[in-house]
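Spelled out, the chains give:
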Amino acid sequence: MKKRLKIAFAADWAPIRKFAPLLTAQAENFYHGLLPRLRRCDYRIVNLESPLSTAPLIVKSGAAFAGDQEAVNALTCVPFDAALLANNHTFDCGDAGFLDTVAALRKNGIAYAGAGEHLAAARKPLIIEKKDFRIAVFTMSEGEDEKGATKSHPGVRPWEVDFLADEIRQTKGDFDFVFVSLHCGLEYQPYPSFYVWEACRRLAGAGADLIVGHHPHVPQGMTFFGKTPVFFSLGNFGFYQPTALFYRKIGFYLEIEAEKNAPLRCTPVPYKIADDGLHLLQNEDVAGFQKLLGELSEPLTDEKNARDAWHAVLAYHGIAGFEEELQRILSQWQNAPAKGAAMLRNRLLCMQHATQWRDGLSRIIDGTISDAPAEYVEMVRRYHTREVKK
């Protein structure tokens, strides 16, 4: 009988906002019908998108938040075996908050990867050794707000595609499978930023067996580069956002079935995100999600269409969108200079924003900002307007 390993991979989880009390006092109840399914897996991974600390919050470009250390019980009750930390919130409470978070994870036997006391530590992959399988999970983020690790300072693993590709080539023979987790891309869009699509193609070409993305807070599509499945964004998991927008209230985790000398089998498991936690989608809602995933994936099969889909994001927001964002930054600059400076710095240095501005401004200059396929622009419109039925 062939040995199989089933791994659950879930995206953004943070014990904050309306989910804070649920994930501290009612941990098991939060997951509802997902819990028994998660427990049937052999190993479970989640993107922990919040420090677990009471240290002071930093000034940064976007929202800063932290969760109570008691919320770690909502990870152990599943139980999640590993937490990935390469994201834009791990250092929201600075270095002290990072140390508090790591201490809580270690105390509860939860492995972690993607951040460290220096760059070499942040680069270390998560190693899964289970049922005679040996799997490496490399994780990387954009190092927003200058929180990428350096040779001498703590941080998350920064965006270094070429270096990671070389690591994959050099270590692939030591593992049965190599996974890559990427926290990147422009938030709330149905299609990945083109630099993300291109990075995934390069990492797949280097030998990654699976690439999983998160950070946009909405589900995006998937494609294959050769035999490598790439899921660009799983959407939110245990992450509450105070909005009625439909696509921020659904997501999916992956059930990954590994068998030696065989392709991975990846099954998306969709759910809705309600005020009382997570609920598996049922019946026609599952069919609707599968249709959505197909629509989102259609333009990602080749370079031209992937570029067109990204340009549709730029076209939907248009000249007015760039002007509105400039006004928002200037308003912050006038009222809270440190916050305004953080926002502007992030637009200049962070890949998701820098590429948005570079590509958008170039298309405004050459008069092609509105030139994108109408069906792709319509999908972007849906993502920014469709609300949950009351």
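Data block above holds the structure.
All figures in this text were calculated on a predicted structure; none of them were measured in a lab.

Analysis parameters
- Residues numbered from 1 in each chain as written.
- Predicted model: local features only at pLDDT ≥ 70, side-chain atom pairs only at ≥ 80, totals over all residues.
- Heavy atoms only, no water.
- Helix = DSSP H or I, 4+ residues; strand = E, 2+ residues; numbered from the N terminus.
- Rg over C-alpha atoms; globule rule 2.2 N^0.38 Å.
- Buried < 20%, exposed > 50% of the residue type's maximum accessible area, 1.4 Å probe, protein only.
- Contact = heavy atoms within 4.5 Å.
- Areas by Shrake-Rupley, 256 points an atom, 1.4 Å probe, with all protein chains shown as cover.
- Lys, Arg positive; Asp, Glu negative; His and termini not counted.
- Charge placed at Lys NZ, Arg CZ, Asp CG, Glu CD.
- Salt bridge = Lys/Arg side-chain N within 4 Å of Asp/Glu carboxyl O.
- Pairing = 2+ DSSP bridges.
- Axes fitted to C-alpha atoms, helices over the stretch in contact; angles between N-to-C directions.
- Patch = residues over 30% accessible without salt bridge, like charges linked within 9 Å, V, L, I, M, F, W, Y side chains within 5 Å.

Visitor: Would you mind going over the overall build of the protein chain with me for this structure?
Guide: Counting its regular elements, the protein chain contains 13 helices and 15 strands. Taking 21 Å as the expected radius of gyration for a compact globule of 390 residues, we find that the protein chain reaches 20 Å, a close match to that expectation. Seen along its three principal axes, the alpha-carbon backbone of the protein chain occupies a region of about 60 × 50 × 45 Å. Here the protein chain, with 390 residues, has 57% of them falling under the buried criterion. Within the protein chain, residue pairs in contact and separated by at least 24 positions form 73% of the contacts whose partners lie at least 6 positions apart. Of the accessible surface of the protein chain, which amounts to about 16200 Å², a share of 51% is contributed by carbon and sulfur atoms. Looking at charge distribution, the protein chain has the averaged site of its 45 positive side-chain charges lying 4 Å from that of its 47 negative ones.

Visitor: In this structure, what is going on with the pattern of salt bridges? I would like to understand it.
Guide: Any two side chains of opposite charge can pair, so long as their charged atoms come close to each other. For the structure shown, the criterion picks out 24 salt bridges. Between Lys3 and Asp132 there is a salt bridge, with the nearest N and O atoms lying 2.2 Å from each other. Taken as a pair, Lys3 in the segment before strand 1 (4-13) and Asp132 in the loop between strand 6 (126-130) and strand 7 (133-141) lie far apart in primary sequence, 129 residues in all. Given the relative accessible area of 48%, Lys3 is considered partly exposed. Note that Glu303 is salt-bridged to Arg201, the shortest N-O span being 3.3 Å. Within this pair, whereas Glu303 is found in helix 10 (residues 303-335), its partner Arg201 is found in helix 8 (residues 194-206), the two being separated by 102 residues in sequence. Assessed through its relative accessible area of 31%, Arg201 is described here as partly exposed. Here the residues in one salt-bridge network are Arg123, Arg157, Glu160 and Glu167, joined through shared partners.

Visitor: What is the right way to look at the sheet that holds strand 1 in this model?
Guide: Adjacent strands of a sheet form backbone hydrogen bonds with each other and so pair up, either parallel or antiparallel. In space, the seven strands of this open sheet follow the order 4-3-2-1-13-14-15, with mixed pairing throughout. Every interior strand has two partners, whereas the edge strands, strand 4 (111-113) and strand 15 (277-280), have only one. The sheet shows a mean angle of 30° between the axes of neighbouring strands, taken without regard to direction. As defined by bridge partners, strand 1 adjoins strand 13 (residues 250-259) across six bridges and the pair is classed as antiparallel. Counted as the bridge partner of Ile7 is Ile256 from strand 13. With respect to the sheet, helix 5 (residues 94-107) is in contact with strand 2 (43-48), strand 3 (82-84) and strand 4, its orientation differing from that of strand 4 by roughly 145°.

Visitor: Could you clarify how one ought to interpret a nonpolar patch on the surface in this entry?
Guide: Together, Trp333, Leu344, Leu348 and Leu349 line one region of the surface with nonpolar side chains, adding up to about 410 Å² of accessible area. The greatest single-element share of the nonpolar patch, amounting to three residues, is contributed by helix 11 (residues 337-349). Here Leu349 lies in helix 11. On the basis of relative accessible area, Leu349 is assigned to the exposed category, the value being 53%.

Shape is all these values report; function is a separate question.
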